[in-house]
Amino acid sequence: MMYKLTLISLTNVTRNVNAIKFLIVFFFIGLNIDAIGQVEVSGRIVDRNIGAVPFTMVILKSKVPIHKNITALADNNGYFLVKNVIPGNYTFSATMMGFKVFSKELQVVASKNSLIIDDVMLIDEALSLEGVNITATKTKKIIEQRPDRIIMNVAGSVLAAGNDAYNLLSIAPAVQLINGRLSLQGKSNVLILLDGKKIPGASLESILASIPGDQIDRIELITKPSSRYDADASGGVIQILTKRDKQQGWNANITGNYNQGRYAGAAGNAGFRYNSKKVGFSLNGGYSGRGDLEEGYSNRDLYRGTEKVADFKQTFSYPDKTLGSLNISTSINYHLSAKSLLGADVDYIKSSINAKGNVYSNIIQLADLSTGNTVSDNKLKTNVDFSNYNLYYKTKFDTIGSDLSLNANYSRYLYNTDQQFSQVISPSDVSGASLFKNVTRSVYDIYTTSVDYTKAFSGSLKFDMGAKYALTNNNSNQFFNGEMSSDIGYKEAIYAGYLKGNQTWGKFSVQAGLRLEHTAYKINSFNIDSNYTNVFFNMLAEYKVTSDYSTSVSYRGAINRPSFNSLIPYMVFRDSYTSFVGNPLLKPELAHDFSWTNIYKKYSASLSYTRTTNKILPIYNYDPENFSYSETVGNFKQGTLWSLNVIVPIKFSSWWENTSSVNGMYQRINYSDPSSFLGLQLRDKYSFTANTFNSFKLSESWSAELAAIYYAPSILGLFNVSQLSNVTLGVKKVFLNKQAFVKVGVSDLFWKNKVTVTSNYIPIVETAYTRNDTRRVRISFQYIFGKKNLKPKKGNNSGNDTEKQRLGL
């Protein structure tokens, strides 16, 4: 055997501020000349959805006793290469945890130097084969652990029926979702992708609540994203993947639900999918609407300087609140040839919140016990429109994973608020109610182009490289009582390029990458015009100790650019004493993340450490003259986080399976004193979240699921966040040859998904409590009809599913 060896190294890169960026990337490129008479056997391991099954063990067992068995390990894209195979008859087998062993007879002939096997499809242990039909016998495991991610299999789940993406994320393992703020394993700034398209953080809840759970295939919680993802995901990536049928033929579905809490709601959606050898097409749409409740209180100590001068007590109630959402998505792709695919996606989401209610505020002066009261009748409206247009092209160069992808994307995001406050203040020299209106308008136009190239040298060595350009234009206006008070624009351009490589040596595999990003931005009216360049290195090394046990370590550098909504300095009011305003002086935060993950069979434990500079967290500004709070976001000097996530699956019986997880966290932040902003203070907290999923197979047609999650008390910047919990359960009946189902479920059974936030740092001393109409009973139904061929359609997933993951805004 002869080998040619090349070493590629990158020297250290020095940054110009006060930090030194070290970067070392090395790969060994091996080109071999096969021995005469020996054959290379290659192919790809896939699941029933034609998705890659990485790190599968491949074995060639010779029929000749004197010949040794030959083994190989598939790479993280499912490709394998078995070298030095002596011609003859073999038993080919592929084994992977969670899947049935695949086995077939294979003949290797001397007349060919290479033998390419058709895609090897592994069947989940939850499935069995009857003839040529695949028939489900039990629910697929809802939680899977991979070295770089946790997968939540939503398709077919009882809890998904009649639910939405926001509620499903709230019960996902390692996810904390409190008052619309989302974190993954304790880390904020999580990149949320819906089929590869970024969801704007300013309206995360509105958009996620518009996505029916019935349309979701799986949710991937990517805790160790590679350099192909934008560096602006320091907290990780959550990828929501909707259903995409891979079988040829057509099918359609109709789904609806009625839900009742204190107020009623209903939703309906429908979908159509068609696949042939050349064309794939899908169209989905849905609408939902429901009543809601928002009520709570806020108690504050009011200060002048460091002296307490008054007590503040406020209650608020919005009993007349409605939420509505509309979603439409369509996709079409065409196979130009057996190796080339051209496609386009269009998505549109519209959501609205309308609320009417009252806010009662009372201030008691401590000096003379005099009181002041404010009664405000409020009308609040929020409208969000998100549209996305994507064009993509992909071509394959060989059968071992070399390909080229081109993407062009345009997104338009509108976020509008209309607020009307009718206030009566007493005592006051003015009789009657005073009225003021506040209107904000924001429009974002986002243009993105990207190119990604993959070169596979063998089944065990692969390089990826690519470039991306993203341009964001924003125009924001604010009107007080009909007159424009501010006209603010924002422009940001990001130029990015990356290089990534994967190398496997038997049981050991390494993935390393380098990403360069240059950012230029400008905020009109504030004379803020800046640009900066960052280089980020990431690495994941895994060793498969046995077929049941693997261990891996990783490092990742990342950046958290301030969200657009956090930068734009217009004011959105909650009442006369509370508002939110953006901070145009925010700096990006930089993060370094280290982790160690161990997986034994289906059990896993992952320990991570994250250090962040210029950490972005919410803060309050206080106006002692008007006794008002203005919430904004600011940079804390440094934050550190230790996190330990453990996942334990237990099969109690043939009809009851459980997956439980615990995520323990230790958080520590350094910050300036909030009263003087002089000197550094230290704050830390131990916390944890725990959740459990239970699946019950009651009969061939009856199933049930129960999920429970508990958040221990935690901290968010200078704020203390109380404990909360959520118990959700559902029972489902399938009929009509499993083409239809009816489900009854209850979310937040004990109505404990409500939170109290406190702060005890002068002059910000407050206790605030909020609850919504989260305890709801749902009855849902679905009917699926159509005609399918048994042969799966190949290549559809490689056309856009993988590439759209990399589309950041």
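Engineer: Let's hear about the overall build of the protein chain: which residues, and what values?
Structural biologist: For the protein chain, the helix and strand inventory stands at four helices and 50 strands. For the protein chain, long-range pairs separated by at least 24 residues make up 65% of all intrachain contacts whose partners lie at least 6 apart in sequence. When the accessible area of the protein chain is evaluated, it comes to approximately 34,600 Å², of which 58% is carbon and sulfur surface.

Engineer: An account of the packing of aromatic side chains is needed here, citing residue identities and associated values.
Structural biologist: Evaluated as defined, the whole model comprises 37 aromatic pairs. On the numbers, 5.2 Å between centres and 65° between planes, the contact of F312 with Y577 is edge-to-face. Taken together, the positions of F312 in strand β26 (residues 307–335) and Y577 in the loop between β36 (571–575) and β37 (578–581) put the pair 265 residues apart, joining distant regions of the chain. An identical accessibility class is assigned to F312 and Y577; each is buried. Aromatic rings pair up to connect W250, F272, F281, Y783 and F785 into one cluster. The side chain of R574 reaches across the aromatic face of F316, ending 5.4 Å from its centre. Over the face of the ring belonging to W751 we find K754, whose NZ or CZ atom lies 4.7 Å from the ring centre.

Engineer: Which residues make up the pattern of salt bridges, and what values go with them?
Structural biologist: With the rule as written, the count across this model stands at 25 salt bridges. Where R574 meets D575, a salt bridge forms, and the shortest distance between an N and an O atom there is 3.5 Å. Here D575 falls in the buried class, since its relative accessible area comes to 3%. The residue R776 makes a salt bridge to D773 at a minimum N-O spacing of 2.9 Å. You'll find R776 and D773 in the same group, each marked buried.

Engineer: Quick one: what's the story with the environment of L115, residue by residue and with numbers?
Structural biologist: Structurally, L115 can be placed in strand β11 (residues 114–116). For the pair L115 and V85, spaced 30 residues apart in sequence, the C-alpha separation works out to 10.0 Å. With residues near it in sequence (within four places) discarded, L115 still touches V39, E40, V41, S42, L106, Q107 and V108.

Engineer: So what about the pairing of strand β16 (residues 149–153)? Which residues, and what values?
Structural biologist: In terms of burial, β16 is largely enclosed, as five of its five residues are buried. Alternating residues of β16 divide into R149, I151 and N153 and I150 and M152, and every residue in both groups is buried. Summarising the sheet, strand β15 (residues 143–145) and β16 pair through three bridges and their orientation is antiparallel. Bridge pairing in β16 links I143 to M152. Two successive antiparallel strands, β15 and β16, enclose a turn made up of three residues.

Engineer: Can you lay out the sheet that holds strand β6 (residues 57–62) for me, pointing to particular residues and giving the numbers?
Structural biologist: Read across the sheet, four strands follow the order β7-β6-β9-β10 without closing on themselves; strand pairing throughout is antiparallel. Each edge of the open sheet carries a strand with a single partner, namely β7 (70–73) and β10 (102–108). Within this sheet the neighbouring strands show an average axis-to-axis angle of 20°, counted without direction. Note: β6 against strand β9 (residues 88–95), six bridges, orientation antiparallel. Counted as the bridge partner of M57 is T95 from β9.

Engineer: Kindly report on a nonpolar patch on the surface, identifying the contributing residues and their values.
Structural biologist: Taken together, I254, Y258, F735, L736, V742, V744, V777, I779, F781 and Y783 make up a surface patch of nonpolar side chains, about 860 Å² in accessible area. The dominant element in the nonpolar patch, judged by the number of residues it contributes, is strand β50 (residues 776–792), at four residues. With respect to the secondary-structure elements, Y258 resides in strand β23 (residues 247–260).

Engineer: Explain the nonpolar core to me, and be specific about the residues and the numbers.
Structural biologist: Core analysis: the biggest nonpolar cluster contains 62 residues, and M152, L208, I219, L221, I238 and I240 have the highest contact counts within it. Broken down by element, this core gets its largest block of residues, four residues, from helix α1 (residues 165–170). Within the second largest apolar cluster, 23 residues are counted, among which are A74, A94, F99 and L115.

Engineer: Summarise the sheet that holds strand β22 (residues 237–242); cite the residues concerned and give the values.
Structural biologist: Spatially, β15-β16-β21-β22-β19-β20 is the arrangement adopted by the six strands of the open sheet, whose pairing is mixed. Of all strands in the sheet, those bounded by a partner on one side alone are β15 and β20 (197–198).

Engineer: Please give an account of unusual backbone geometry that cites residues and values.
Structural biologist: The omega angle of the peptide bond from S426 to P427 is -5°, so this bond is cis rather than trans. Its location among the elements puts P427 in the loop between β29 (403–426) and β30 (434–458). Of note, the bond from I762 into P763 is cis; its omega dihedral lies within 30 degrees of zero at 5°. Position of P763 relative to the elements: it lies in the loop between β48 (755–761) and β49 (764–772). One non-glycine residue, L369, lies in the positive phi region at around 60°. Locating L369 in the fold gives a position in the loop between β27 (340–365) and β28 (371–396). Judged by its relative accessible area of 62%, L369 is exposed. One non-glycine residue, L736, lies in the positive phi region at around 55°. Residue L736 is classed as exposed on the basis of its relative accessible area, which comes to 52%.

Engineer: A description of the confidence of the model for the protein chain should follow, citing residues and the corresponding values.
Structural biologist: Mean pLDDT for the protein chain: 82, with 87% of residues reaching 70 or above. Low confidence marks residues 1–36, where pLDDT is under 50. Its contacts with residues over four positions away, or in another chain, come to 69 contacts. pLDDT under 50 marks residues 789–809. Its contacts with residues more than four places away, or in other chains, come to 92 contacts.

Engineer: Account for the environment of F312, with residues named and values stated.
Structural biologist: The class of F312 is buried, set by a relative accessible area of 1%. When the C-alpha positions of F312 and I364 are compared, they lie 6.6 Å apart, and in sequence the two are 52 residues distant. Setting aside residues up to four positions removed in sequence, F312 forms contacts with S298, N299, R300, L302, S361, N362, I363 and Y577.

Engineer: Residues and numbers for the pairing of β48, please.
Structural biologist: Alignment of strand β45 (residues 719–721) against β48, held across two bridges, turns out to be antiparallel. Pairing of N720 across the sheet is with T758, part of β48. Here β48 runs beside β49; their pairing, made up of seven bridges, is antiparallel. The residue bridging S759 from the neighbouring strand is E766, located in β49.

Engineer: Any details on the side chain of D403? Residues and values, ideally.
Structural biologist: Within the fold, D403 resides in strand β29. Judged by relative accessible area, D403 falls into the buried class, the value being 11%. Not counting residues within four places of it along the chain, the set of residues in contact with D403 comprises K394, T395, K396, F397, D452, Y453 and T454.

Engineer: Describe the environment of P618, and please don't skip the residues or the numbers.
Structural biologist: Mapping P618 onto the fold places it in strand β39 (residues 603–623). A relative accessible area of 5% places P618 in the buried class. With 16 residues separating them along the chain, P618 and G634 place their C-alpha atoms 6.3 Å apart.

Procedures and definitions
Counting restarts for each chain, with residues numbered from 1 along the sequence as it is written. For this predicted model, a pLDDT threshold of at least 70 governs which residues receive local features, and a threshold of 80 or more governs which side-chain atom pairs are given and counted, while totals over whole chains, interfaces and linings are taken from all residues. Excluding hydrogens and water, the side-chain figures rest on all heavy atoms present in the structure. In this text, helices come from DSSP runs of H or I with a minimum length of four residues, and strands from runs of E with a minimum of two, each type numbered from the N-terminal end. In this description, contact between two residues means that some pair of their heavy atoms is separated by no more than 4.5 Å. Note that accessible areas follow from Shrake-Rupley with a 1.4 Å probe, and for residues the cover is restricted to the protein chains shown. Two rings from Phe, Tyr or Trp (for Trp, the six-membered ring) form a pair when their centres sit within 6.5 Å of each other. Planes less than 30 degrees apart are called stacked, planes more than 60 degrees apart edge-to-face, and all others tilted. Partly exposed residues are those whose accessible area sits between 20% and 50% of the maximum for their type, while under 20% is buried and over 50% is exposed, using a 1.4 Å probe and protein chains only. Consider the ring centre and the ring normal. A charge sits over the ring if Lys NZ or Arg CZ is within 6 Å of that centre and within 35 degrees of that normal. Whenever Lys or Arg places a side-chain nitrogen within 4 Å of a carboxyl oxygen from Asp or Glu, that contact is recorded as a salt bridge. Here, a strand pair is defined by DSSP locating no fewer than two bridges between the strands. Every axis corresponds to a line fitted to the C-alpha atoms, with the helix fit spanning only the stretch in contact, and the corresponding angles, defined between N-to-C directions, vary from 0 to 180 degrees. What goes into a patch is any residue over 30% in relative accessible area without a salt bridge, connected to like charges within 9 Å or, for nonpolar side chains (Val, Leu, Ile, Met, Phe, Trp, Tyr), within 5 Å. Remark: nonpolar core denotes a set of buried residues (Ala, Val, Leu, Ile, Met, Phe, Trp, Tyr, Cys) joined through side-chain atoms within 4.5 Å. pLDDT gives the predictor's per-residue confidence on a scale running from 0 to 100.

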